[in-house]
Amino acid sequence: MKRSETSSDSQSTYLKKLAHRQLRIRILRILIFVLFLALWETSALLGWIDDFIFSSPSRIVKTFLSMWEDKSILLHTGITLLETLVSFGIVVAAGTGFAVLLWYRKELSEILEPYLVILNSLPKSALAPLLIVWLGANMKSIIVAGISVAIFGTILNLYTGFMETDPDQIKLIYTLQGKRRDVLFKVILPGTVPLLISVMKVNIGLCLVGVVIGEFIGARQGLGYLIIYGSQVFKLDWVLMSITILCLIAMLLYGIMNLAEKHCLKKR
């Protein structure tokens, strides 16, 4: 009885230490961010930096509020977010489907794998101007730019995960007179759910990067357009405000994927 009580007390003490550590880390993160903003604002007010070039938190907030009043910032943010989500959805569906096809057809994977590696290593910013020429300066070309950044890595990562599935489980399916289709739906796909979610967490940020690259080149709306246009006309408050919003969007999307991962792992 004493041993179990001692073990319970040790576990409780450890959990309290862990909770205090996590709380301390969160507080320090917030403190670093607040100190950065305070230093930035103070430097602009005291003339240590040129606030026309480097802007300041207060100027960014004023710019945001002025664009909020005429709803223009909602339009630009909404378009970038829509393009990102559409490209992300296509990447997940097409990437998973193509990876399954490569796993299902071994010969096809041996033929295409070198090309996928080359395409994955190709700088995607080099493709964006071609996409604008081929598809026109519209939302479709920007979505394709977002897809191109993430699709090849998704296929390769998922295919590699499929091939690394426990061979004993696959043998068991075949021993029970199962077919390759049964291996796919009962072993491969369920066993690679954590990998799929991990890939999705990376891809949501990559799709956002690809969309912004596309907007740099051929858009008339969106946060990428605001960044390029603002830098051209020296409205640097627009530039830094757009970058700040992109950071917030990236944090939000990553947080959603993190919650989805925790939810899926609890069900396993």
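Quick notes on the rules
Residues numbered from 1 in each chain as written. Predicted model: local features only at pLDDT ≥ 70, side-chain atom pairs only at ≥ 80, totals over all residues. Heavy atoms only, no water. Helix = DSSP H or I, 4+ residues; strand = E, 2+ residues; numbered from the N terminus. Patch = residues over 30% accessible without salt bridge, like charges linked within 9 Å, V, L, I, M, F, W, Y side chains within 5 Å. Areas by Shrake-Rupley, 256 points an atom, 1.4 Å probe, with all protein chains shown as cover. Salt bridge = Lys/Arg side-chain N within 4 Å of Asp/Glu carboxyl O. Contact = heavy atoms within 4.5 Å. Polar contact = N/O pair within 3.5 Å; in protein donor to acceptor, adjacent residues only side chain to side chain.

A. Main features of unusual backbone geometry. With phi around 55°, Ser 55 is a residue other than glycine that occupies positive phi space. Its identity is not glycine, yet Lys 71 carries a phi of approximately 65°, on the positive side. With respect to the helices, strands and loops of the structure, Lys 71 is situated in the loop between helix H3 (57-69) and helix H4 (72-104).

B. Looking closely at a nonpolar patch on the surface. Residues Ile 30, Phe 33, Val 34 and Phe 36 make up a contiguous nonpolar surface patch of roughly 430 Å² in combined accessible area. Residue position: Ile 30 is located in helix H1 (residues 2-45).

C. Examining the environment of Lys 124 more closely. Within the secondary structure, Lys 124 is located in the loop between helix H5 (106-121) and helix H6 (128-135). Taking C-alpha positions, Lys 124 is 8.8 Å from Ile 213, a pair spaced 89 residues apart along the chain. Not counting chain neighbours up to four residues away, the residues in contact with Lys 124 comprise Leu 119, Ser 148, Val 149 and Phe 152.

D. How the structure looks around helix H8 (residues 167-175). Near the N-terminus of H8, the side chain that reaches the backbone nitrogen of Asp 168, with its oxygen 3.1 Å away, is that of Asp 166. The first or second residue beyond H8 is Gln 177, which carries a positive phi of 70°.

E. Structural context of the pattern of salt bridges. All told, the structure shown has two salt bridges when counted by the stated rule. Asp 51 is the partner of Arg 59 in a salt bridge, and the nearest nitrogen-oxygen pair spans 3.6 Å. Taking the shortest distance from any N to any O, the salt bridge between Arg 59 and Asp 237 comes out at 2.9 Å. One end of the pair, Arg 59, is in helix H3; the other, Asp 237, is in helix H12 (residues 236-267), and 178 residues separate them in sequence. Through salt bridges with shared partners, one network takes in Asp 51, Arg 59 and Asp 237.

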